[in-house]
There are 2 protein chains.
Amino acid sequence: MDVRQFVRLGRKIVAVGRNYRAHAAELGNTVPEQPMVFLKPTSSYVTQGRPIVIPPRVTELHHEVELGVVIGKEGRDIPKSSALSHVAGYALALDMTARNLQNEAKKKGHPWSVAKGYDTFCPVSDFIDRDQLDWSSCTLWLKVDGQEKQRGSTSNMIFPIPDLLAFISSIFTLEPGDLILTGTPEGVGPVVPGQTITAGLDDFLEMTFPVVGPR
Amino acid sequence: MDVRQFVRLGRKIVAVGRNYRAHAAELGNTVPEQPMVFLKPTSSYVTQGRPIVIPPRVTELHHEVELGVVIGKEGRDIPKSSALSHVAGYALALDMTARNLQNEAKKKGHPWSVAKGYDTFCPVSDFIDRDQLDWSSCTLWLKVDGQEKQRGSTSNMIFPIPDLLAFISSIFTLEPGDLILTGTPEGVGPVVPGQTITAGLDDFLEMTFPVVGPR
Ligand SMILES: [Mg+2]
Ligand SMILES: [Mg+2]
Ligand SMILES: [Mg+2]
């Protein structure tokens, strides 16, 4: 499998919530003792050139900029010490979240899948080869209509990538082309139709997505 | 894509909770106004010949026998009236559930993905061609060590298959090889290592899975 084609060929997206202390705090959440894990469907992928669509029932769509890890080698119960050998590369990603539906789901004890899973809720960049990035300290940033909303360093993750891969692979077998979303730094907030999101990784990658209303 | 290979090639499993009145009641849940939807990863598939594995943190693993619908044609915002044209066939499936982790997740407002998604938590039968099954009134049954625990007719679904496909495709684009789990009738309950689950569809399909402890 050509993992650079993870958007077209990958079979799962595993996302981690509350992996930056300041973001957990801004939503009034405590810092978890172990990673909080949820799934997004691969049908939620969208790549540059197409818009992020706000669905009808979604009154509050939030941006969450995250570093994505693309798996290159199958594994389960992966030890932390060899976890990085399962990484083929990275991608910049947005974990778009219907915050109104997520808040309702949390209150009722319902699943998060709808709030996290609509079509176009996972905008992603092209594949970045593992050699091109220092995963342990790169900077993620996000602007809405040119105004900076999020900026954070992956060095502030509560559970760094090897810990995440060890934990997640104790639950789900990781397969080539899977994407792991590693959590968002503080500054999440709403977007509305007509706005444009620009997000980047250090200086070397930038991506842009217009936001539109229901089709 | 050869949809008979949905286990190997499919990209998502969308499951529906509380779609039979008597099952909603047995877990103390109200009947939902719209389908309750969650995701299981395709890495949770297991086919006959391999066991269902109870993971270390799972103190209460429940069986839920369900009719699976295999999608044959891509679609989003599918109208009820043409929904069945998107169905390639069916499969018998077990929506294995870590009830202890699910109860904890519900209480805390956390996602269900781990409780529903461990490896081997989606045992499935071979593909059943759509012409071989009357989806609107077939009988699902499940035995543990030969003793019947679940028996129900798909005619008792709260949201029948066309309604489910219309609702789900308003959230997620459905793609060939996707599997929809349509909910379980009453009688869910725990299994322990050493037991054997047999499940069937009417008289014409039967499948067997041994249950084992942590590897
Ligand atoms: Mg969930
Ligand atoms: Mg996130
Ligand atoms: Mg179920």
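Please read these numbers as outputs of a predicted model, since none were measured by experiment.

A few words now on the UniProt feature "domain: Fumarylacetoacetase-like C-terminal" (unreviewed entry) in chain A. The sites that carry the UniProt feature "domain: Fumarylacetoacetase-like C-terminal" (unreviewed entry) are, in the present numbering, residues 12-211 of chain A. Segment residues 12-211 of chain A splits into 14% helix and 36% strand. End C-alpha atoms: 24 Å apart.

Looking now at the pairing of strand 7 (residues 87-94) of chain A. Residue and element names in this part refer to chain A. Of all the 8 residues making up strand 7, 8 are buried; the element is thus mostly covered by neighbouring parts of the structure. By the bridge criterion, 7 bridges tie strand 6 (residues 65-71) to strand 7 in an arrangement that is antiparallel. In the strand pairing of strand 7, Gly 68 is matched with Ala 91. Inspection of the sheet shows strand 7 paired to strand 10 (residues 128-129) by 2 bridges, in the antiparallel sense. Among the inter-strand pairings, Tyr 90 is bridged to a residue of strand 10, identified as Ile 128.

Another aspect to go through is the coordination of the magnesium ion (ligand 2). Residues and elements named next belong to chain A. Coordination sphere of the magnesium ion (ligand 2), protein contribution only: Glu 64 (OE), Glu 66 (OE) and Asp 95 (OD), at 2.0 to 2.1 Å. A relative accessible area of 4% means that Glu 64 is categorised as buried. For Asp 95, a relative accessible area of 1% gives the class buried.

With that settled, consider the sheet that holds strand 5 (residues 61-63) of chain B. Residue and element names in this part refer to chain B. Within the open sheet, the 3 strands sit side by side as 8-5-14. Their pairing is antiparallel. What marks the edges here is a single partner per strand, and that holds for strand 8 (97-98) and strand 14 (189-191). The pairing of strand 5 with strand 14 spans 3 bridges and is antiparallel. Note on strand 14: the bridge partner recorded for Leu 61 is Val 191.

The subject of this paragraph is the coordination of the magnesium ion (ligand 3). All names here are of chain B. Those protein atoms acting as donors to the magnesium ion (ligand 3) are Glu 64 (OE), Glu 66 (OE) and Asp 95 (OD), and they sit at 2.0 to 2.1 Å. If you list the donors of the magnesium ion (ligand 3) from N- to C-terminus, the spacing comes out as E-x1-E-x28-D. Residue Glu 64 is found in the loop between strand 5 and strand 6 (65-71), and its partner Asp 95 is found in the loop between strand 7 (87-94) and strand 8; the two are separated by 31 residues along the sequence.

For the pair of chain copies, the relating transformation is a rotation about an axis with a translation along it. In screw terms, the move from chain A to chain B is a rotation of 180° and a rise of 0.0 Å along the axis, fitting with an RMSD of 0.0 Å. As the rotation angle and translation indicate, the two copies are arranged about a two-fold axis. When you check the interface residues of chain A against chain B, 100% turn up at the interface there too, and the contact is symmetric in its surfaces.

About the cut-offs
Residues numbered from 1 in each chain as written. Chains lettered and ligands numbered in written order. Predicted model: local features only at pLDDT ≥ 70, side-chain atom pairs only at ≥ 80, totals over all residues. Heavy atoms only, no water. UniProt positions renumbered as here; feature names shortened; annotations may be inferred. Helix = DSSP H or I, 4+ residues; strand = E, 2+ residues; numbered from the N terminus. Buried < 20%, exposed > 50% of the residue type's maximum accessible area, 1.4 Å probe, protein only. Pairing = 2+ DSSP bridges. Donors = N, O, S within 2.8 Å, 3.2 Å for Na, K, Ca; no water. Least-squares fit on C-alpha atoms with pLDDT ≥ 70 in both. Contact = heavy atoms within 4.5 Å.

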